[in-house]
Number of protein chains: 2
Amino acid sequence: MDSRTIGILGGGQLGRMIVEAANRLNIKTVILDAPNSPAKQINATVQHIDGSFAVPADIEKIAKLCDVLTVEIEHVNVPTLKKLAKENPNLKIYPSPETIELIQDKYTQKLHLIKNGISVAQSVDIPEANEQSLCEVGEKLGFPYVLKSRTLAYDGRGNFVVEKKESIPDALEALANRPLYAEKFAPFVKELAVMIVRSIDGTVYSYPTVETIHQDNICHLCYAPARVPDTIQLKAQILAESAIKSFPGCGIFGVEMFYLEDGELLINEIAPRPHNSGHYTIDACVTSQFEAHVRAVLDLPMPNNFTSFSTSNTNAIMLNVLGDQNIKNKELETCKRALETPGASVYLYGKESRPKRKLGHINIIGSSMDECERRLEYILNEKPLPVPNTSTTTKPLVGVIMGSDSDLPVMNAACNILKNFEVPFEVTIVSAHRTPHRMSKYAIQASQRGIKVIIAGAGGAAHLPGMVAAMTPLPVIGVPVKGSSLDGVDSLHSIVQMPRGIPVATVAINNSTNAALLAIRILGCSDNKLFNKMSQFLLKQEEEVLEKAAKLETIGYQEYLDSMK
Amino acid sequence: MDSRTIGILGGGQLGRMIVEAANRLNIKTVILDAPNSPAKQINATVQHIDGSFAVPADIEKIAKLCDVLTVEIEHVNVPTLKKLAKENPNLKIYPSPETIELIQDKYTQKLHLIKNGISVAQSVDIPEANEQSLCEVGEKLGFPYVLKSRTLAYDGRGNFVVEKKESIPDALEALANRPLYAEKFAPFVKELAVMIVRSIDGTVYSYPTVETIHQDNICHLCYAPARVPDTIQLKAQILAESAIKSFPGCGIFGVEMFYLEDGELLINEIAPRPHNSGHYTIDACVTSQFEAHVRAVLDLPMPNNFTSFSTSNTNAIMLNVLGDQNIKNKELETCKRALETPGASVYLYGKESRPKRKLGHINIIGSSMDECERRLEYILNEKPLPVPNTSTTTKPLVGVIMGSDSDLPVMNAACNILKNFEVPFEVTIVSAHRTPHRMSKYAIQASQRGIKVIIAGAGGAAHLPGMVAAMTPLPVIGVPVKGSSLDGVDSLHSIVQMPRGIPVATVAINNSTNAALLAIRILGCSDNKLFNKMSQFLLKQEEEVLEKAAKLETIGYQEYLDSMK
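Residues numbered from 1 in each chain as written. Chains lettered and ligands numbered in written order. Predicted model: local features only at pLDDT ≥ 70, side-chain atom pairs only at ≥ 80, totals over all residues. Heavy atoms only, no water.

Under an unreviewed UniProt entry, the name given to chain A is Phosphoribosylaminoimidazole carboxylase, and the source organism is Saccharomycodes ludwigii. Under the UniProt heading Pathway (unreviewed entry), the entry covering chain A gives this text: "Purine metabolism; IMP biosynthesis via de novo pathway; 5-amino-1-(5-phospho-D-ribosyl)imidazole-4-carboxylate from 5-amino-1-(5-phospho-D-ribosyl)imidazole (carboxylase route): step 1/1." Looking at chain A in UniProt, the text filed under Catalytic activity (unreviewed entry) is "5-amino-1-(5-phospho-D-ribosyl)imidazole-4-carboxylate + H(+) = 5-amino-1-(5-phospho-beta-D-ribosyl)imidazole + CO2". (UniProt positions renumbered as here; feature names shortened; annotations may be inferred.)

(A) Region of interest: the overall build of chain A. For chain A, the count of helices and strands is 19 helices and 23 strands. Its C-alpha atoms give chain A a radius of gyration of 31 Å, clearly above 24 Å, the size a compact globule of 565 residues would have. Out of the 565 residues belonging to chain A, those deemed buried represent 58%. Here the contacts in chain A between residues at least 6 apart in sequence split such that 63% fall between residues at least 24 apart. Accessible surface computed for chain A: about 22900 Å², of which carbon and sulfur atoms make up 52%. (Helix = DSSP H or I, 4+ residues; strand = E, 2+ residues; numbered from the N terminus. Rg over C-alpha atoms; globule rule 2.2 N^0.38 Å. Buried < 20%, exposed > 50% of the residue type's maximum accessible area, 1.4 Å probe, protein only. Contact = heavy atoms within 4.5 Å. Areas by Shrake-Rupley, 256 points an atom, 1.4 Å probe, with all protein chains shown as cover.)

(B) How the structure looks around the state of the cysteines. Per the counting criterion, the structure on display carries zero disulfides over all chains. A:Cys285 takes part in no disulfide bond, and the closest cysteine sulfur, belonging to A:Cys222, lies 10 Å away. On the basis of relative accessible area, A:Cys285 is assigned to the buried category, the value being 4%. A disulfide-free cysteine, A:Cys525 has its sulfur positioned 7.8 Å from the sulfur of B:Cys525, the nearest such atom. (Disulfide = S-S within 2.5 Å.)

(C) Quick peek at the pairing of strand β14 (residues 251–260) of chain A. All names here are of chain A. Summarising burial for β14: 10 of the 10 residues are buried, a large majority. Relative to β14, strand β10 (residues 188–198) runs antiparallel, the two being bridged by 10 bridges. Bridged to lysine 190 within β14 is tyrosine 259. Where β14 hands over to strand β15 (residues 265–271), the hairpin turn is made up of four residues, of which glycine 263 adopts a positive phi near 90 degrees. (Pairing = 2+ DSSP bridges.)

(D) Up close: the sheet that holds strand β3 (residues 49–50) of chain A. Residue and element names in this part refer to chain A. With respect to topology, five strands assemble into an open sheet ordered β3-β2-β1-β4-β5, the strand pairing being parallel. In this open sheet, the two strands that pair with only one neighbour each are β3 and β5 (92–93). The pairing of strand β1 (residues 5–9) with strand β4 (residues 68–71) spans four bridges and is parallel. Considered in β4, the bridge of glycine 7 is made with leucine 69.

(E) Spatial organisation of the side chain of A:Arg24. Topologically, A:Arg24 is positioned in helix α1 (residues 13–24). What makes A:Arg24 buried here is its relative accessible area of 16%. Within the local environment of A:Arg24, its side chain forms a polar contact with the side chain of B:Glu20, the two groups lying 2.7 Å apart. Among all residues touching A:Arg24, those that are not within four sequence positions of it are B:Glu20, B:Arg24, B:Ile282, B:Val346, B:Tyr347 and B:Leu348. (Polar contact = N/O pair within 3.5 Å; in protein donor to acceptor, adjacent residues only side chain to side chain.)

(F) Molecular detail of the relation of the copies chain B and chain A. Least-squares fitting of chain B to chain A yields an RMSD of 0.1 Å, with the superposition described by an axial translation of 0.0 Å and a rotation of 180 degrees. Taken together, the rotation and translation relating the two chain copies correspond to the operation of a two-fold axis. (Least-squares fit on C-alpha atoms with pLDDT ≥ 70 in both.)

(G) Examining the interface of chain B and chain A more closely. In this complex, chain B contributes 97 residues to the contact, which on the side of chain A involves 97 residues. Interface area for chain B against chain A, summed over the two sides, is near 8300 Å², with a carbon-plus-sulfur share of 54%. For the interface between chain B and chain A, the tally reads two salt bridges. The closest approach of N and O atoms between A:Arg24 and B:Glu20, which form a salt bridge, is 2.7 Å. The tally of links from chain B across to chain A stands at 36 residue pairs in polar contact (both at pLDDT 80 or more). When residues in the side of chain B that touches chain A are grouped by element, the largest group, 10 residues, is from helix α19 (residues 528–555) of chain B. When grouped by side-chain class, the residues that make up the side of chain B that touches chain A number 45 nonpolar, 36 polar and 16 charged. (Buried area = accessible area lost by both parts, 1.4 Å probe. Salt bridge = Lys/Arg side-chain N within 4 Å of Asp/Glu carboxyl O. Nonpolar A, V, L, I, M, F, W, Y, C, P; charged D, E, K, R; others polar.)

(H) The arrangement of the packing of aromatic side chains in detail. Within the structure shown, the criterion is met by 14 aromatic pairs over all chains. When the ring of B:Tyr107 is compared with that of B:Tyr181, the centres are 5.5 Å apart and the planes differ by 45 degrees; the resulting orientation is tilted. Taken together, the residues B:Tyr107 in helix α6 (residues 106–115) and B:Tyr181 in strand β9 (residues 180–184) connect sequence positions 74 residues apart. Each member of the pair B:Tyr107 and B:Tyr181 is classed as buried. When the ring of B:Phe143 is compared with that of B:Tyr145, the centres are 5.6 Å apart and the planes differ by 40 degrees; the resulting orientation is tilted. Taking relative accessible area as the criterion, B:Tyr145 reaches 0% and is therefore assigned buried. Over the ring of A:Tyr223 we find A:Arg227; its NZ or CZ atom is 3.6 Å from the centre of that ring. B:Lys551 extends its terminal NZ or CZ atom over the ring of B:Tyr560, reaching a point 5.0 Å from the ring centre. (Phe/Tyr/Trp six-rings, centres within 6.5 Å; stacked < 30°, edge-to-face > 60°. Lys NZ or Arg CZ within 6 Å of the ring centre and 35° of its normal.)

(I) Quick peek at helix α14 (residues 408–420) of chain B. Residue and element names in this part refer to chain B. The terminal C-alpha atoms of α14, which comprises 13 residues, lie 18 Å apart, in line with the 18 Å expected from a rise of 1.5 Å per residue. Every buried residue of α14 is accounted for by Val410, Met411, Ala414, Cys415, Ile417 and Leu418. The buried residues of α14 all sit within an arc of 160 degrees when viewed along its axis, so they share a single face. Exposed residues lying more than 90 degrees from the buried face of α14 are Pro409, Lys419 and Asn420. Contacts made by the buried residues of α14 are with β19 (398–402), β20 (425–429), β21 (453–459), β22 (476–481) and α18 (512–524). Positive phi shows up at glutamate 422, right after α14, with a value of about 55 degrees. (Expected span 1.5 Å × (residues − 1). Arc of directions from axis to C-beta.)

(J) View of the environment of A:Leu172. All names here are of chain A. Structurally, the position occupied by leucine 172 is in helix α8 (residues 168–174). A sequence separation of 41 residues divides leucine 172 from glutamate 131, and the C-alpha atoms of the two residues are 7.9 Å apart. In this view, leucine 172 contacts Ala129, Asn130, Glu131 and Leu134; residues no more than four positions away in its chain are not counted.

(K) Just the pattern of salt bridges, in detail. Residue and element names in this part refer to chain A. Tallied over the entire structure, the rule returns 54 salt bridges over all chains. With a closest N to O distance of 2.9 Å, arginine 150 and aspartate 125 form a salt bridge. Here arginine 150, found in the loop between β7 (145–149) and β8 (159–162), pairs with aspartate 125, found in strand β6 (residues 123–126); they are 25 residues apart in sequence, far enough to count as distant. Here aspartate 125 falls in the partly exposed class, since its relative accessible area comes to 31%.

(L) Representation of the packing of α1(A) against helix α1 (residues 13–24) of chain B in the model. Packing of α1(A) against α1(B) leaves a shortest axis separation of 12 Å and a crossing angle of 165 degrees. In terms of orientation, α1(A) lies roughly antiparallel with respect to α1(B). The two elements α1(A) and α1(B) cross, and the hand of that crossing is left-handed. In this structure, α1(A) uses A:Arg16, A:Glu20, A:Asn23 and A:Arg24 to contact α1(B), whose residues at the interface are B:Arg16, B:Glu20, B:Asn23 and B:Arg24. Looking at the contact of α1(A) with α1(B) residue by residue, the class counts come to no nonpolar, two polar and six charged. (Axes fitted to C-alpha atoms, helices over the stretch in contact; angles between N-to-C directions. Parallel < 35°, antiparallel > 145°, perpendicular 65-115°, else oblique. Left-handed = near helix turned anticlockwise from the far one by under 90°.)

Rendered as structure tokens:
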């Protein structure tokens, strides 16, 4: 796809997944890291450099082999990168050394963001750490506050929460000999993250906002999209975009942020490279964060929406696979359960199992977060999947309910249509007036159980369809059932004349056939098979009438009429 | 994931993609093929064997290095595999040597399928090929018939269509020195293919039925799912499953078949390995054909549905990237356009560009086949994408139509709701009685244009909603518009009382607000964002009423009433 070679400083799992993306595009890569590091394992070139991204001479060696130099880790030797950039203008270094330098030192990173008007937690520099200076910080920021190492911190190492004045000695011991700064404690309700790709011309593309859940300061789970209101998702993307616009150079960036109780968003920190919170993109998005990085640093095309979810109903959970604390390789049992789980994919990094080491991750995809969570429950806790080893299509998609068993002869036609179209459905009695609590429960739980459309039949005062519609965001189809008086017009008006705000899709009196056909049309909006089946059904109806017309024309109306008797 | 090593006979693109899948699972692979072959490039082990899968000594060398031996090509030396299987019962060979042997010789393959009751084209053996014997074949099968090499045929090489008696000398020359057999010409309308995974215990899992389009006997395009009726798709899967159940061993199999004019399906040929017609699975299915193969030969878990499309609205087209006929690497221009295309992913195989050589493939994913085809048009012919470089969400999803501009004051509310929910929509006038042809065109084309729901407002006789519903499989929502007489009950009854077979989702008189809210609930069935927005809307409505209730309770009914004046 491109004849240039990308050199990567660092050959861990992030480098490995960059190499995988580059391999797919025939793009040559060469790695600087220890021999047989994860990224080197999947690239058979003999040109790899054995060494370290912190050693100037090693960086100079790899620079000679490549056209573009990039990183999978920010703790690289920046002065060497700056020197190389100066000496060899043909060598592209992305992200730019200046960006890496700004981000490497977390306090400098904070100052840079503040200068650019980006919301971050209030921070103070600590040039000399001792009991007195940390006490003064406490007076300024309040307790608890977070004491952080300015450099070389990751997965919680280099952070210490100073709960109260008395914790200061422990803090000083834990972070001894590190350059420090302090941050006001952010009372967050969730941690969010957004991956951003920045092109060489400075355009930024945002992946969906995700929610990360940490255990012992290490990323444990990542929910995509984040389980926060849409506006917050959008705000997080805008904040992340603004932040990355302020850094020179290009490539992929991970932006971690806090979502506070009051709805505010604060940037926690930025990674100038692929990020653990973006691993879900491999399965959930059109283009993975790794390919996006390759495209960015080589200036390959980046169409709009290439960072979006693959389909409108994609949901994902990423689970990190860490080395078991006690038994080597025991974590593979989790991976095995993932292989048994529909919608789950396993990624292992070619690393030796060691306690708490990041050895791989599992991506779980589903058409709802609920489905993903059930699958996660099986993988984590062996909780059986709701319908183990059977097709997911047997989970009911349509709920057929009626106010009374006397409505069943009318609603029966709906059930037959759904059966003929092979749409999984459930049927039960829910009375608005005689079982009001059951009705509420049914309406509220329907969507959680995977129901997509509710068909409700009712006669007389016929409150069921409208009341159910009032308690669910699902589409509700109402079938007016003809009672002993008023010819069903009472039910029709009661069902159709809903107030503004709560629609009921009303069909003709007693015509539950049409209710089922409408439910199938609704499901067909996102299911091609059903859409095609409905097209065929319409054609067949047409053919049937045309056949009758031909017969009528052939045998004449009189004989036809006789044959109908 | 598994400590066993897989040895692969052949290191072309199929082997490469098996290695990629194995790498993700930390499964060791070792390749027998020429140095630097595509599969070797992405596996840095030094254990690879340089040599050929046709040379017994080379096969014996690789067998010593692995626990499971598999193939990416069927033209391997079977006697050596049989010998190895006998000598070393610990070495697993999948697919089994017997299966490879049966499939290697296409005539033996045919006889095996016939013996197992599988539909294939009528075939006759040609022990000695000469003008007379080929003439006799023509008399038996009729002209045209297909003369085929029993062995070592691929991509059309080794096939010759004998149009008439006079073509026989050319046929003899083209296929000189090959073992031959003849097949009755199958008057097919489409070529279909199904990938099947067979587990060690003999269970078979079927991928979706696809349609392949060949150019110069080489696979050019693959449509997934195949553009044939559902029943044919299902029949094709069942036929493929039955065929693969008849072969011992396990692994992935490609089953190619003909779909004849009369609806019959005939198996053309079977490949005991990953297949070009299964490349779409990398992006379109939960698990790719390559990972499925790895799982099968190692007896790793294969959950139900792991071979299904990722989501219910996934559609895919695969385009092979062949070396340009005239200019080396010119085919990369096609790949570059694919990178520019939303939903497209490029896979290159690390091979040198040579005319017509399979160098890579492009997977195009879309939520409809129409969308995939438009993207393909851009990639192949630079035909601009309909809405280039803008979000796909701006494509209208809801069509708001009305019989007359006098309905606009009523329908206006629907537009405002759709705007507030940020659902892309279009508005126009379509009159059933005054523009009947425009109405037909609108109804028929709506789904092709990506419209998912139609809202139709009409007054009086109000035929528009029902007529549109009669001509589209989309859900149609009808809004009865109140006219100058009968208070809108005329429109209501005309819209709601549709005959069985054609549903119209009817809402209250003049209540286009509810029509829009219903449209959003329908879209919300497959769009989580909209589903959540609708939940929030219901909450907000509830809060508003609760606030009013609180106010009424606080200030009393009299003052409240006064404040309403």
